[in-house]
Amino acid sequence: LQPAKLAKALGVADEDFGAFKAALEQLRKEGHVVMGARSVVSLPELSGRVRGTFRANRKGFGFVVPLTPSNGDVFIPAKATAGAMTGDIVIAKVSRKGKRVG
């Protein structure tokens, strides 16, 4: 959606639209949202690759904490850690399997 349509869908009052646009611009600068063609606002694409810091769990799985803001950490199953250790900078290919919780 475009900013004005998004504001309307979220119930932002006309007098608060300036603050809404400023907040949206801050989110864009931080990488939490993307402004596409014709100023359409969307979430960053998760289907690509994520560069971040690996955090291992003692149970064998781990998480990649993105270096740039995104939709959150990426879960890495134990069989896909490729020997990464906590603190390693890695690139993970994101795929959607199963359900997202939370």
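Relevant structure appears above.
Presented here is an overview of the structure given in this document.

## Looking at the nonpolar core
Working step 1: Of all hydrophobic cores here, the largest spans nine residues; its members are Val 50, Phe 54, Val 64, Val 74, Ile 76, Ala 84, Val 90, Ala 92 and Val 94.
Working step 2: For this core, the secondary-structure elements that each account for two or more residues are β3 (49-56), β5 (74-76) and β6 (89-93).
Working step 3: When neighbours within four sequence positions are excluded, Ile 76 is seen to be in contact with Phe 54, Phe 61, Gly 62, Phe 63, Val 64, Thr 81 and Ala 92.
Working step 4: Counting five residues, the second-largest nonpolar core is a separate cluster that includes Ala 7, Phe 20, Val 33 and Val 41.

## Focus on the pairing of β6
Working step 1: Alternating residues of β6 divide into Val 90 and Ala 92, all buried, and Ile 89, Ile 91 and Lys 93, none buried.
Working step 2: For β3 and β6, the ladder comprises five bridges, and the chain directions are antiparallel. Bridge pairing in β6 places Val 50 opposite Ala 92.

Scoring rules and cut-offs
- Residues numbered from 1 in each chain as written.
- Predicted model: local features only at pLDDT ≥ 70, side-chain atom pairs only at ≥ 80, totals over all residues.
- Heavy atoms only, no water.
- Core = buried A, V, L, I, M, F, W, Y, C linked by side-chain atoms within 4.5 Å.
- Buried < 20%, exposed > 50% of the residue type's maximum accessible area, 1.4 Å probe, protein only.
- Helix = DSSP H or I, 4+ residues; strand = E, 2+ residues; numbered from the N terminus.
- Contact = heavy atoms within 4.5 Å.
- Pairing = 2+ DSSP bridges.

Any link to function would need more than the numbers given here.
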